[in-house]
Structure formats: structure tokens, C-alpha cells
Amino acid sequence: MRHQLTRTATVLIAIASTLAATSCAAGSSTAVTSKGSGDANQTLTVGLAAEPASLDFTKTDGAAIPQVLLYNVYDGLVKLNNSGEITPDLATAWKVSTDRLTYTFDLVKDAKFSNGQTFSAEDAAFSINRVKTDWTISLKKSMDVVKEVKVVSPTQLQVTLSKPSNNWLYSMTSRVGAMFSKTGVANLATAPIGTGPYTLKNWNRGDSITLQRNDSYWGKKPFFQTVNFKYFKDPTALNNALLTGTINVIGTVQAPESLAQFTNNPKYDVIQGTSNGEVVLSFNNSKAPFTDKRVRQAVRYAIDHKALMDTCWAGRGTLIGSMVPPTDPWYEDLTGLYPYDLAKAKSLLQEAGKTGVTLRLRVPNLPYAVSCGQVVKSQLEQAGFKVQLDQLEFPAAWLTTVFTNADYDMSIISHVEPRDIGTVFGSPSYYTRYNNPAFQQALTAADQGTQAQQLVEMKKAARLLSEDAAADWLFLQPNLMVADKGITGLPKNAIAESFDLSPLARA
Amino acid sequence: MTLRLIERIAVLAASLAVSSILVFGFMSVLPGDPARVALGVNASDQSVASLRAEFGLDRPLVSQYFSWVGGLLRLHLGDSYISRAPIGPQIADRLQVTLWLVITSMVIAVLIAVPIGSLMAVWHRRISGLVLSAASQVGVAIPAFLAGILLITVFAVHLGWLPANGWTPPAQNPAMFLKQLALPALSLGLVQAAVLTRYVRSSVLDVLREDYMRTARAKGLRPMPALLRHGLRNASVPVVTVLGLQLATLLIGAVVVERVFVIPGLGSLLLDGVSSRDLNLVQDVVMFLVVAVLLVNFVVDLLYVVIDPRMRAGGR
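Computed from a predicted model, the values in this text were never measured in an experiment.

Participant: When you look at the overall build of chain A in this model, what are you seeing that I'm missing?
Facilitator: Along its length, chain A carries 14 helices and 18 strands. On C-alpha atoms alone, chain A measures out to a radius of gyration of 24 Å, which is about the 23 Å that the 2.2 N^0.38 rule sets for 507 residues. Over its C-alpha atoms, taken along the principal directions, chain A stretches across nearly 75 × 70 × 55 Å. Residues counted as buried form 50% of the 507 residues belonging to chain A. Of the contacts made within chain A by residues no fewer than 6 positions apart, 71% connect residues no fewer than 24 positions apart.

Participant: What's the story with the overall build of chain B in this structure? I'm lost.
Facilitator: Counting its regular elements, chain B contains 12 helices and zero strands. Along chain B, helices (α) and strands (β) appear in the sequence α-α-α-α-α-α-α-α-α-α-α-α when read from the amino end. By its C-alpha atoms, chain B is 85 × 60 × 35 Å across when sized along the principal axes. Among the 316 residues that make up chain B, the fraction classed as buried is 40%. Long-range pairs, those at least 24 residues apart, make up 72% of the contacts in chain B between residues at least 6 apart in sequence.

Participant: Would you explain the nonpolar core in this entry?
Facilitator: With 212 residues, the main nonpolar core has Val 249, Ala 298, Cys 372 and Ala 461 of chain A together with Val 285 of chain B as its most contacted residues. Of all the elements, helix H10 (residues 223–260) of chain B adds the most residues to this core, at 14 residues. Each residue touching Ala 461 of chain A, except ones within four places of it in the same chain, is listed here: Ile 421, Phe 439, Ala 442, Leu 443 and Ala 446 of chain A.

Participant: Just checking my understanding: could you explain the domain arrangement of chain A for this structure?
Facilitator: Often, the extent of an interface is quoted as the loss of accessible area upon association of its parts. In terms of domains, chain A is made up of domain 1 (2–229 + 485–506) and domain 2 (275–479). Counted by class, the side of domain 1 of chain A that touches domain 2 of chain A contains seven nonpolar, six polar and one charged residues.

Participant: Hey, could you run me through helix H7 (residues 293–302) of chain A in this one?
Facilitator: Since the α-helix advances by 3.6 residues per turn, residues separated by three or four positions end up pointing in the same direction. Residues and elements named next belong to chain A. In terms of burial, H7 is a largely internal element, eight of the 10 residues being buried. Burial in H7 covers these residues: Val 295, Arg 296, Gln 297, Ala 298, Val 299, Arg 300, Tyr 301 and Ala 302. Close packing links the buried residues of H7 with strand E12 (268–283), helix H9 (342–351), helix H10 (367–382) and strand E16 (471–484).

Participant: Would you mind showing me how to read the environment of Arg 360 of chain A here?
Facilitator: All names here are of chain A. Within the secondary structure, Arg 360 is located in strand E13 (residues 358–364). Sequence separation of Arg 360 and Lys 377 is 17 residues, and the distance between their C-alpha atoms is 9.9 Å. If near-sequence neighbours (up to four positions away) are discounted, Arg 360 is found in contact with Gln 388, Asp 390, Tyr 408 and Asp 409.

Participant: How should the pairing of strand E1 (residues 43–48) of chain A be read in this particular structure?
Facilitator: Put simply, side chains in a regular strand alternate between the two faces of the sheet. Residue and element names in this part refer to chain A. Burial within E1 is extensive, with five of its six residues counted as buried. For E1 and strand E10 (residues 226–231), the ladder comprises six bridges, and the chain directions are parallel. Of the residues in E10, the one forming a bridge with Leu 48 is Tyr 231. Of the strand pairs in this sheet, E1 and strand E11 (residues 249–250) are connected by two bridges, and their pairing is parallel.

Participant: How do you make sense of the packing of helix H7 (residues 144–158) of chain B against helix H8 (residues 174–208) of chain B when you look at a structure like this?
Facilitator: A packed helix pair is summarised by two numbers, namely the angle formed by the two axes and the spacing between the axes. All names here are of chain B. Relative orientation of the contacting elements H7 and H8 amounts to 135°, with a least axis distance of 9 Å. Accordingly, the angle class assigned to the pair H7 and H8 is oblique. Viewed along their axes, H7 and H8 form a crossing whose handedness is right-handed. Residue-level inspection shows Ala 144, Ala 147, Gly 148, Leu 151, Ile 152, Phe 155 and Ala 156 of H7 in contact with H8, the latter providing Leu 183, Pro 184, Leu 186, Ser 187, Leu 188, Leu 190 and Val 191. Tallied by class, the residues present in the contact of H7 with H8 amount to 12 nonpolar, two polar and no charged.

Participant: Would you take a moment to explain the sheet that holds strand E4 (residues 91–96) of chain A for this structure?
Facilitator: All names here are of chain A. Taken in spatial order, the four strands of this open sheet run E4-E5-E7-E6, and their pairing is antiparallel. Each of the sheet's edge strands pairs with one partner strand only, and the pair in question is E4 and strand E6 (146–153). Between one strand and the next, the sheet's axes are offset by a mean angle of 20°, whatever the strand orientation. One ladder, built from six bridges, connects E6 with strand E7 (residues 156–161); its direction is antiparallel. The partner of Val 149 across the bridge, within E7, is Val 159. Each of strand E5 (102–107), E6 and E7 is contacted by helix H3 (residues 121–134), which is oriented at about 170° to E6, the strand it contacts most.

Participant: Would you mind showing me how to read the pairing of E5 of chain A here?
Facilitator: Residues and elements named next belong to chain A. Burial along E5 is one-sided: Tyr 103, Phe 105 and Leu 107 are buried, while Thr 102, Thr 104 and Asp 106, pointing the other way, are not. Sheet topology places E4 next to E5; five bridges connect them, and they run antiparallel. Bridge assignment links Ala 91 to a residue of E5, and that residue is Leu 107. The turn linking E4 back onto E5 is made up of five residues, and Arg 100 within it adopts a positive phi angle of 55°. Alignment of E5 against E7, held across five bridges, turns out to be antiparallel. The partner of Asp 106 across the bridge, within E7, is Gln 156.

So, how was this worked out
Residues numbered from 1 in each chain as written. Chains lettered and ligands numbered in written order. Predicted model: local features only at pLDDT ≥ 70, side-chain atom pairs only at ≥ 80, totals over all residues. Helix = DSSP H or I, 4+ residues; strand = E, 2+ residues; numbered from the N terminus. Rg over C-alpha atoms; globule rule 2.2 N^0.38 Å. Buried ≥ 20, exposed ≤ 12 C-beta atoms within 10 Å, placed from the backbone. Contact = placed C-beta atoms within 7 Å. Core = buried A, V, L, I, M, F, W, Y, C linked by C-beta atoms within 7 Å. Domains from an automatic or database assignment. Nonpolar A, V, L, I, M, F, W, Y, C, P; charged D, E, K, R; others polar. Pairing = 2+ DSSP bridges. Axes fitted to C-alpha atoms, helices over the stretch in contact; angles between N-to-C directions. Parallel < 35°, antiparallel > 145°, perpendicular 65-115°, else oblique. Left-handed = near helix turned anticlockwise from the far one by under 90°.

Take a look at the structure:
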């Protein structure tokens, strides 16, 4: 009897401690099956890190879902090309009224959903209206500005906004603009139905998602007949899968220090460009000592960004001085505003009377945040700060502590959404707790103005943000991919939310 | 015998009840909000609150506990918070994968440990016995995931004999299935074999010192045949106990090895669930593992009686 109970206790302790140990590791799942059927030359297997939790991006957040489905399974009225321009998709052309309130879209005639229904303006109106009524993820608010959606004819749609908004058309290129069939939204979590060049063939949970070429696609047919997305939690397993031929492409390199094994190998191409992922050293702007601008400035002067990027991300990435990646039209190089200057950092800190102040740097347990956190700590300590570095399990613990409760002084997180300067710093209730009316006005003016005004106001906003030292920008994450030689069409810069398969081919 | 069985069943039921409370308690103190994780960083507080209500997370803990256990008793495992898919089929799906891994590595462990452990015992005064003993000591010290990484580096990346990772169901492509199973099963099996070898050795050593073994040798049997004919059955009682315990270790070791070899088994399901705070799913998987381990122990207890008729009298 006694040894039975001891044994039970042992088992429970073992399970509990495994859970405790693993709950410190972030993320979702992984795995591999055999390659899909069909002509081997027309099959592509892409290795990625994060698997979607569900296929329904109307109700589940996360970049992994649109990465696979947007532009591939779902079309929008408009899409982003590799240079970041808004180009036609299901809308062949569109006109904007002079008051910039009404958009008239001409739609393609012969697009069909994978459930056999023909795409019409009715479906487009249904999809846009459905964002307000049925979506739950936060991005739905980009449709708040829509006042009325009118079906003019089966191939013409008119959208009226309550105020002019440049951001609205841009957001139509993202998942919020995906077009659904009126009769095809019953089972979005497992059975997505779109008009795109691919359809979902199979989702092997914890393992892979297989897309198959849609042979009744209305546009130019893509090269690959079958595309497998395979998910690898472990960066080494992802690298090994390419080295042993299980996959053809590493979609996002998770460990840049491991790139050497591919750069020196003639069998592979390494692609490096920019992404939308700004690695932000965020400050809690509403809480002392960061309510004092001099302390924020001292932090920015105290960080040697080049050295930091070399140490914690193998020198791969781009230094940025504000919340704008170089692929946005209003990008300006602002890295000169706060050059590395230890003496200045020390004197600013002294002036503010905060020498020796303790900052809680609470980072998510993600590779870049953990390694950069250590560098930030040691650099700030040289300038006279004391830094307490905490690692929080991502996403759950970090979201609760830093994001929801703002119980932190500094954190490090990569904000990956395109054009997210307004989301991250525009609202005082966001976790950065940044409240600057001049900055908010510039954002509003940019959204409502002409394109020329938008450019001016966005530049102004980005500069204001940086001068005010609302945060520090450690670096911009690179778009790093490795592919078998001969795979063409992979984008240099990652701009859209989608891993767009249509330009890809094998030479 | 009947009394013993009733006693065992009562212990099993009590252990299950206590475990369910511990598992549930552990889940409810885990930091992080499933609804917040599901909705992502920019979700409004209202939508988080309404999702919490949809998940039933706003009810008192006691009522949550009883509706969970009530569901389990009716074999109704509920739906996952995140994927909204029923949990039962997901566990069944992943279990098929993990069982192959666990059973194969168990077989590997036994096939290696029983002959080598017996040899070590028979040769325990010779140099070769010492060498084997030292080798098994090294094996005990290596965790399975490290063995896995070493095996991948040598056999997959450098020699290219076997795939580095992945999983194919046996029905889909049996050859690929065996190739992909080989390395993970070996990394779990070798480490378990090292542990098991040491138990086999000491158990056989004990048996070798028994009077009936001396009698067997006196009759003229050589050491190995004597052991095979008279000793093994006696030596197997403690070894079976350890095997039962090892099954638990294997299930848990598989969690990590599945990650290293990118295998979609129960372990990856559990890890994903923990990370996305899919508490329903995690609770069910952990409870399933607990039930499996307790049942194995229960069966092992009954097995003693089969192996050793002396225990049938009820005394020990």
C-alpha cells in the first residue's frame, strides 16, 4: 500500500516537473510526414517555425494563419506586391471619390470559390460587413471606419467611409480584407474556402499543412502543384530538415548564428532582406523613472546598437532609429538622433538624479529577447543603471504581466505587424503607455490626408516618437531564408502577412 | 487473492481521485489567461472577457472541477480552447504515434538489457564484466534528448543513412516509417537499456547467490544454463517492477524526444497545449498519462502473482 502511494506520488511529481520545465519553452508544434503526392518537381516543402492553432483568422490571432492562407487560399480585393505597393487582386481597378470617402471597385467576373460558388460583389459586401459583426481579433477595428457597403452590380462594389482613411485601403491588403463565400464560412477553423490559387488539401495537426493548386483558379496558375508547410519548433531540427532534404526552403531562419553552414555550401541560396519586425526595447512611459524624458534618453545613448546586434543576432538585421522599416514610403534614417555616447548617458542620468536606479527588464523567453536582454543589461549597467533581468514564458506569462498589467519598466519584443507605429504608440492604454497628443495628431492627419500629406505627417510622427525617446529600437529583424538552389521567386523583403506562393518556381 | 484485488482497486481509485485534484489545481495556478492568448496581443478587454465566459473560466473553480471530472467519467473529454476541436480524437491520434515510439524503445531496452545484464552478473569478477558495467554507467548519465542529438548528427547529417526527423504513419509508407522510427526509438531505448541493465545485473547477482543455484551448479550445470533454467524467473520479479516504472519514464522522456525528432505525438500535443494555455487539452492529456501509468502499475502488481506463485497466498 505504502509503496503504491509513493509510486503514484513519484509519477505525479515527474509529470508536474516536466510540465513546469516545458512551460518555460514557448511556442506550438512541429513535425514531418512524407512529401505529398504528385510530380516531385512540382512539389515544394517549406519549413516554418510556428504552426497555426486554428485556420480561422477571424477568431484566432497570430501571424501563422495568414502566413499560410492569405493570397494562397484567400484572395483580397487588393494585395501588396513585393515593393509594398497596393495592386489589383479580385478588384481589377478602383476609383476614389474626390472627398476620399467613397471607393468604387470593379471586380473580376470569373472568380470561383473552392465550394463552386461564383465570386460576386454580394460576397465582397458580406465579407467586409462580417468583420464588424463576427470577427473577434483586434485587427477588426481597421474596418470601424466603413460606413456603408453597397452592391452596385454583381461586378461592382462601393464602399463609403465615415472619414477619409489611407490606412483603410492598406488594411484591405491584409487578412481583414480576405474575401469569403457567403455560403462558405460554417467551418473556417478547419475548412477555409476562398478564391485563391491554392486550396487546403490536408492539415496534419502538429505536423504540416498541405495546399494543392486550384485548377479552376481565375488568374495565372502558380508553378507548384503541391506545397507542404512543415512546422519545426526547434531551430536545429529545421536546419537539419533542409540539410537532409526533407524540406526545400527554410521560410524564416530561427538561429542566424547557424547560417554559416548554408552560406558556404553551393547547394543552397541564402536570402537576406528586411522584414516588418522591429525589435523594440519598450519603456513603461507612464511609470517612474521613465516619466522623465532624460532617463529615456540616457537609455538610448547608453546602447551601442551595432555591438548589440552583432552579439545577439549574429549581425543580421538593420539598425533603425524609429518604428518604421525601410520598406515603408515614409522611412527616414533616424539612427543618428541617439548615437552611442556613454558620457552623455551618464550625465543625463545624473541630471535627472536617477543614477543607480533599478530597472526591471522583463523579456519574453524568445531567443532574440533573451540574448539581447543580457546585452542591454550589461550596456545599461555601464552607464550607471541597475538592471534586474526577468524572463517570462511567452506568450502566456508575458502577455499577462507586461502586456495586460504593464507590470514592467522595460521589455524587449519584436512587433511584427506591418505599419504598427500607431498601434504600439498611438493609444495610452497600450502596454507602452505612451501619451503624446502631438504624435497622435500627426497620425490622424496622415490617415485622413492626401498621399502627399500622409508622407509628410508620417515622417513627422516617426521623428517625434524617436526624439521623445518613447522607446529604443534595437534593430529590425532580417527576412532570412535558405532555399535549395534553383528555387526562384522568394521575396527579398518580407512586407505582407502572407507567404505568397504564386511567384515561386523551380528552375 | 480476491481481497488483494479489491485492495489494489481501492488504491487505484483513491490515487486517481487525488491525481485529478492535483492536476486540476496545478492547471488553475498556471499563470496566463487562455482567452488572452487565443485572442492575441491587441484584443480588447471586452472580447477577452466574453471568451472567458464562453470557455466557462468565469465560474467558481469547484464547479469547473466537477464538470471536468464528470465529463471524464462519461468519457467526454470536451473541446480544445484554441482549435475548438474535440480532444478525445486528438489524444487517440497522437497516442498511436507515441505508443509506437514507447513500445519500440521498450523492446529495444529489454533486448539489450536482459542479455547484457545477465552477462555482467555472471562475469561480475571478470574485467569484461567491469567494462560492461562502466559502459552502462555512462549510458545512465546521458539524457535521451542528448543521445538523440548525437545520433542525428552522426547518422542523419554526416552519414545521411537515416532521416534527421519527421514521422510517417506505418500504413502510408512502411519503409519510411521504420527509417524515421529508428533514431528516436534508439535514443530512448539505449538510455533505458542502460538503466535496466543495472537492475538486471543486481537481480541476477542476488539469484546467483541463492541455495538452489548452488544446487544446480553442483548437479554439473554450467553458470549460464543454470541461470537460464532456474534463475531467470526468480530474477524477473524486481525487473518487471522496474519495467513498469520505466514505462512512466519513457512516456515522459518521449515528450522531449518528440520535440528533438519533430514527431507529432502526445508530447508535442502537450507542449503546444501548455504554451497556448489550452488548459482543457493539457488537463486531459496529463490525466490520461496519469491513468496510463497507474494502470500499468496496477497490472504490474497483478503480474507478480503470475510470475511468483508464492504471492498467491496473499502474504508477502
